[in-house]
Amino acid sequence: MIAWQILIDGASGRAIKKIMPEKGYTAPFRSSPIPDKLPRPVHARPESLAGGCWAKPHSHGWAQFTYASRGILEVRTRLGSHMVPPRRAIWIPPGIEHSMLSTGPALMRSLYIDAEAAPWIATAPCRVLEVTPLARELVLAMSGLPPDYALDGPPARLVSVLLDQLESLAEAQLTLPFPADTQLAGICAALREQPDAQSTLEELANAAGMTAGTLNERFERETGLAFLEWRSRLRLLASLSGLERGDSLSAVALDAGYDSLSAYVSAFKNHLGRTPEEFVPA
C-alpha cells in the first residue's frame, strides 16, 4: 500500500507537500461476481458498464482476457496502470491482484481461462493487447455460447482456435509501469490523479527530499523509463478518455497538461505511432 504522496496544488499545479494515503476512486462501485470454479476451461462473461464504475482490488486462480468493444477501461495492479481503449484487450495472469475502472459507459467481454487450458498462460505477463479482426470475432462467438457448452464438437474447436489466437496477439504500448519503491510510487499516484499538474522534476524531487538527478536515476531503475518519458506516457494515456468521449482535441490536450495542440499531437504520434484521431475508432 502507498504510504504517502506528493500533494499537487490545484491552482498552480505544483508539488507542495506529502499526504496520506492514496486518493481512491470516485466512480460508483461495481460488484463483480467471481465463481468458486469455472464451469468450463474457458468461460465468457459479457458485461455492459453504464456511467463509469470500478471493481475493488481482487484476484482469482485463472487468467482473464477482457476485450473493450466500447469505452475506456483502466486496470490497476501493484506494478502499474493499463489503459484499454476500444478494440484492445487486457491480459491478466492468474493470481494477480487488480482493480478495474471504466471512465464512462463501456461494453466489455471477459474470458476467464483455466491455467491448465494452455501452457503459455502461466508465463504471460499482465499487458494490453492489440486485438486482430479474427480474434475479435472469435471472442464475440465465444461470448454467444452457453456457460455449459459442449466440451467436444464445434465449441471445443472454437476454444482451441481462440486460445491459439490469443497467444499470438501483439502487445500495445498502453501500460504505465509503477515503481515498487514506496516513495516513488507516492509521486506516481499523485500525478496519476492529476496528470495536468505542472510540477517540475526539481520540485517533485525537492518535495521528496532528494535531488532531481537522484529521483530520475531511481525512477529509471525502477520502471525502465526516464521520469519525463514516464510522465509523457501518463499524460497520453490519461487523454484517451477525452478522445473516446469526443471532446475537442484542444480540450483533451489542455486537460492532459500540454500547452499546445501541436505538442500533444506530436507526442501522441511519437509514442503511440498514430494520430489521436486514428487511435480511437469512431
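Described in the following lines is the structure provided in the data block. Remember, it's a predicted structure, so these values are computed and weren't measured experimentally. The residue count restarts for each chain, going from 1 along the sequence in the order it is written. Given that the model is predicted, a residue must reach a pLDDT of at least 70 before its local features are reported, and side-chain atom pairs must reach 80 or more before they are shown or counted; all residues, however, enter totals for whole chains, interfaces and linings. Excluded from the side-chain calculations are hydrogens and water; all other atoms, namely the structure's heavy atoms, are used.

### Some remarks on the sheet that holds strand β3 (residues 42-49)
Inference 1: Read from one edge of the open sheet, 5 strands run β3-β10-β5-β8-β11, paired in antiparallel fashion. The sheet terminates laterally at β3 and β11 (127-130), the two strands that pair on one side only. Each adjacent strand pair in this sheet contributes to an overall mean axis angle of 25°, direction not counted.
Inference 2: Note: two strands are recorded as paired if DSSP finds a minimum of 2 bridges between them. Under the DSSP-based scheme used, a helix requires at least four consecutive residues in state H or I and a strand at least two consecutive residues in state E, with every element numbered from the N terminus. Across 4 bridges, strand β8 (residues 88-92) lies against β11 in antiparallel orientation. The residue bridging Ile 90 from the neighbouring strand is Val 128, located in β11.
Inference 3: Throughout, a residue-residue contact means that at least one pair of heavy atoms, one from each residue, lies within 4.5 Å. Helix axes are fitted to C-alpha atoms over the stretch in contact, other axes to C-alpha atoms as well, and angles between N-to-C directions run from 0 to 180 degrees. Packed onto the sheet, helix α1 (residues 133-143) meets β3, β5 (63-70) and β10 (106-113) and runs at close to 80° relative to β10.

### Digging into the nonpolar core
Inference 1: Remark: nonpolar core denotes a set of buried residues (Ala, Val, Leu, Ile, Met, Phe, Trp, Tyr, Cys) joined through side-chain atoms within 4.5 Å. Each residue's exposure class comes from its accessible area (1.4 Å probe, protein chains only) as a fraction of the maximum for that residue type: buried when under 20%, exposed when over 50%, partly exposed otherwise. The biggest cluster of nonpolar side chains holds 49 residues, and the ones touching the most others in it are Trp 230 and Leu 240.
Inference 2: The biggest single contributor to this core is helix α6 (residues 227-245), with 7 residues.
Inference 3: If we skip the residues at most four places from it in the chain, Trp 230 touches Leu 176, Pro 177, Phe 178, Cys 188, Leu 191, Phe 219 and Leu 225.
Inference 4: Residues Leu 111, Ala 124, Leu 138 and Tyr 149 belong to the second largest nonpolar core, which totals 26 residues.

### A short note on the packing of helix α3 (residues 182-193) against helix α5 (residues 212-223)
Inference 1: The interhelical angle for the contact between α3 and α5, taken along N-to-C directions, is 95°, at an axis separation of 11 Å. The orientation of α3 relative to α5 falls into the category roughly perpendicular. On α5, the residues that touch Gln 183, Leu 184, Ile 187 and Cys 188 of α3 are Leu 215, Arg 218, Phe 219 and Glu 222.
Inference 2: Here the residues of the contact of α3 with α5 are counted per class, giving 5 nonpolar, 1 polar and 2 charged. When describing relative orientation, an angle under 35 degrees is termed roughly parallel and one over 145 degrees roughly antiparallel, while 65 to 115 degrees is termed roughly perpendicular and anything else oblique. Residue type decides the class: Asp, Glu, Lys and Arg count as charged, Ala, Val, Leu, Ile, Met, Phe, Trp, Tyr, Cys and Pro as nonpolar, and the leftover types, Gly among them, as polar.

### Concerning the environment of Pro 125
Inference 1: Along the polypeptide, Pro 125 turns up in the loop between β10 and β11.
Inference 2: Take Pro 125: its relative accessible area is 47%, and that puts it in the partly exposed class.
Inference 3: The spacing of Pro 125 and Pro 94 is 31 residues in sequence and 9.8 Å in space, taken between C-alpha atoms.
Inference 4: What Pro 125 contacts, discounting residues up to four positions off in sequence, is Trp 91 and Pro 93.

### A few points about the sheet that holds strand β12 (residues 175-177)
Inference 1: Spatially, the 5 strands line up as an open sheet ordered β4-β9-β6-β7-β12, and their pairing is antiparallel. Edge positions in the open sheet fall to β4 (54-58) and β12, since each of these has one partner strand only. Adjacent strand axes in the sheet meet at a mean angle of 15° when their direction is disregarded.
Inference 2: As paired strands, strand β6 (residues 73-77) and strand β7 (residues 80-84) are joined by 5 bridges and run antiparallel to one another. Bridge pairing in β7 links Val 75 to His 82.
Inference 3: Along the sheet, α6 contacts β7 and β12; its crossing angle with β12, the most-contacted strand, is approximately 140°.

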